[in-house]
Amino acid sequence: MATTAPNKLTFDWEGKDQKGNRIRGQMDGPNADWVKAQLRRKGTTPMRVRKHRQSAFGSGKKKIKAADIAVFARQLSTMLNAGVPLVQSFDIVGNGLENKSMQELVYSIKADIEGGSNLSTALRRYPQYFDALFSNLVFAGEQSGTLDTLLDKIATYKEKTEALKAKIRKAMYYPAAVITVAIVVTTILLVYVVPTFQKLFESMGGELPAFTLMVVHLSEFFQKWWLMVFGGIAALAVGFVQAKKRSKSIQDGVDKLSLKIPLIGTILQKATIARFARTMSTMFAAGVPLVEAMESVAGASGNSVYEVAILQMRDEAATGQQLQVTMEHTGLFPNMVVQMTAIGEESGSLDAMLGKVADFYEEEVDNAVDSLTSLMEPMIMAFLGVVIGGLVIAMYLPIFKMGSVV
């Protein structure tokens, strides 16, 4: 009777048949040991078995997002809290996932655990999905016997962090979308509509107004070079993004500059403080020592300016200084945050106080985003009116001039 694998991954294998010939192929199975066992039953001596590269998570499939990781942590916490064994919990969670890439990831972690790894070690093999903070908290839960509680805290942390990011994106999407539409409409007017009017004006004769001439010359330029203009802009954008990814100095410069942008900088600063407080609160609630926790907190801050400052705080805290004193030395944290931290340290409830700070600043970000959106709407409408309306007026000016002469 053939043995079936309940949760399948794809493996590439190499081996020798009964005649000693070298053969290779693919097989689906829950882990490499299972595949080796099946090959031996078929009379093949396995030499090498490894996961198929093409089955990398997200390749050709729906990508794994941070929200998927948050849902995974929440579901796994619920299963463990209900008393379901860890391996069986992975089965239940994996079978209920619609995202095939996430399902593969869950089954792969399950296979690692079945192979003898603990959960934190298995998660560290996938750093692109589980950062150091996630893995460290899981390790702390395993050591203290409170894995279900820690996973619940991780899920809450991930959910709030993603909600905060969504609020920031909300502030950016609307103006970006409107400006994009304005550029597209302006390009259409310059490339297709203005030339039609230009032919009409040439047939009429006479001197064109200076504003109309400027638009006509701009139209001629766009008709000839529009592909190069937009290609150059796209190349610059891609080049900047790649340079930012590869160069730490450029990334640091962008992070520093972003905090100084009017209105936007204030929102980014509040969001960074909210992430700092939320991460510190979660780490303290998990019982992670201060100095050890701050390295993960620095990486989760999302801004290199604060990352450097938090690492500086870590070094000072390692010498015995209080957290609130180290925060004052950076000059990056508002007085309210410093005072709340001081109260938390004195009362022994630092995790609760930092949680309140995070709640406050997350609400501040939400309100600031709403205010920014309300402020930008009339500004964007005015921008559209000036650009699109200006082009229309430039085209009708000669007609108005001719009408006044008549």
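Our subject is the structure listed above.
Source: prediction; values computed, not measured.

Chemist: Would you mind going over the overall build of the chain in detail, with residue names and values included?
Modeler: Along its length, the chain carries 15 helices and three strands. For the chain, whose C-alpha radius of gyration is 30 Å, the value lies well above the compact-globule estimate of 22 Å for 406 residues. Taking the principal axes of its C-alpha atoms as reference, the chain extends roughly 95 × 70 × 35 Å. Counting every position in the chain, which comprises 406 residues, the buried fraction comes to 41%. Sequence-distant contacts in the chain: of pairs separated by 6 or more residues, those separated by 24 or more amount to 60%. Summing over all exposed atoms, the chain offers an accessible surface of approximately 22000 Å²; the carbon and sulfur share of this is 60%. Here the chain contributes 43 positively and 38 negatively charged side chains, and the mean placements of these two sets differ by 10 Å.

Chemist: How would you explain the sheet that holds strand E3 (residues 45-51) if you had to name every residue and give the values?
Modeler: Across the sheet, which stays open at both edges, the three strands sit in the order E2-E1-E3 with antiparallel pairing between neighbours. Because the sheet does not close on itself, it has two edges, and the strands there are strand E2 (22-29) and E3. Here the average twist between neighbouring strands, direction ignored, is 25°.

Chemist: Describe in detail the nonpolar core, supporting the description with residues and values.
Modeler: Within the largest apolar cluster, 70 residues are counted, with the highest numbers of intra-cluster contacts made by Leu105, Ile109, Leu119, Phe130 and Phe333. With residues near it in sequence (within four places) discarded, Phe130 still touches Ile69, Phe72, Leu105, Ile109, Leu123 and Ser135. Among the nonpolar cores identified, the runner-up in size contains twelve residues, and Phe201, Leu208, Val215 and Ala394 belong to it.

Chemist: Which residues make up a nonpolar patch on the surface, and what are the values?
Modeler: A cluster of nonpolar side chains, contributed by Val184, Ile188, Tyr192 and Val193, occupies part of the molecular surface with about 370 Å² of accessible area. Relative to the helices and strands, Val184 is located in helix H7 (residues 147-204). The exposure class assigned to Val184 is partly exposed, which follows from its relative accessible area of 44%.

What counts, and where the lines are drawn
Residues numbered from 1 in each chain as written. Predicted model: local features only at pLDDT ≥ 70, side-chain atom pairs only at ≥ 80, totals over all residues. Heavy atoms only, no water. Helix = DSSP H or I, 4+ residues; strand = E, 2+ residues; numbered from the N terminus. Rg over C-alpha atoms; globule rule 2.2 N^0.38 Å. Buried < 20%, exposed > 50% of the residue type's maximum accessible area, 1.4 Å probe, protein only. Contact = heavy atoms within 4.5 Å. Areas by Shrake-Rupley, 256 points an atom, 1.4 Å probe, with all protein chains shown as cover. Lys, Arg positive; Asp, Glu negative; His and termini not counted. Charge placed at Lys NZ, Arg CZ, Asp CG, Glu CD. Pairing = 2+ DSSP bridges. Axes fitted to C-alpha atoms, helices over the stretch in contact; angles between N-to-C directions. Core = buried A, V, L, I, M, F, W, Y, C linked by side-chain atoms within 4.5 Å. Patch = residues over 30% accessible without salt bridge, like charges linked within 9 Å, V, L, I, M, F, W, Y side chains within 5 Å. Salt bridge = Lys/Arg side-chain N within 4 Å of Asp/Glu carboxyl O.

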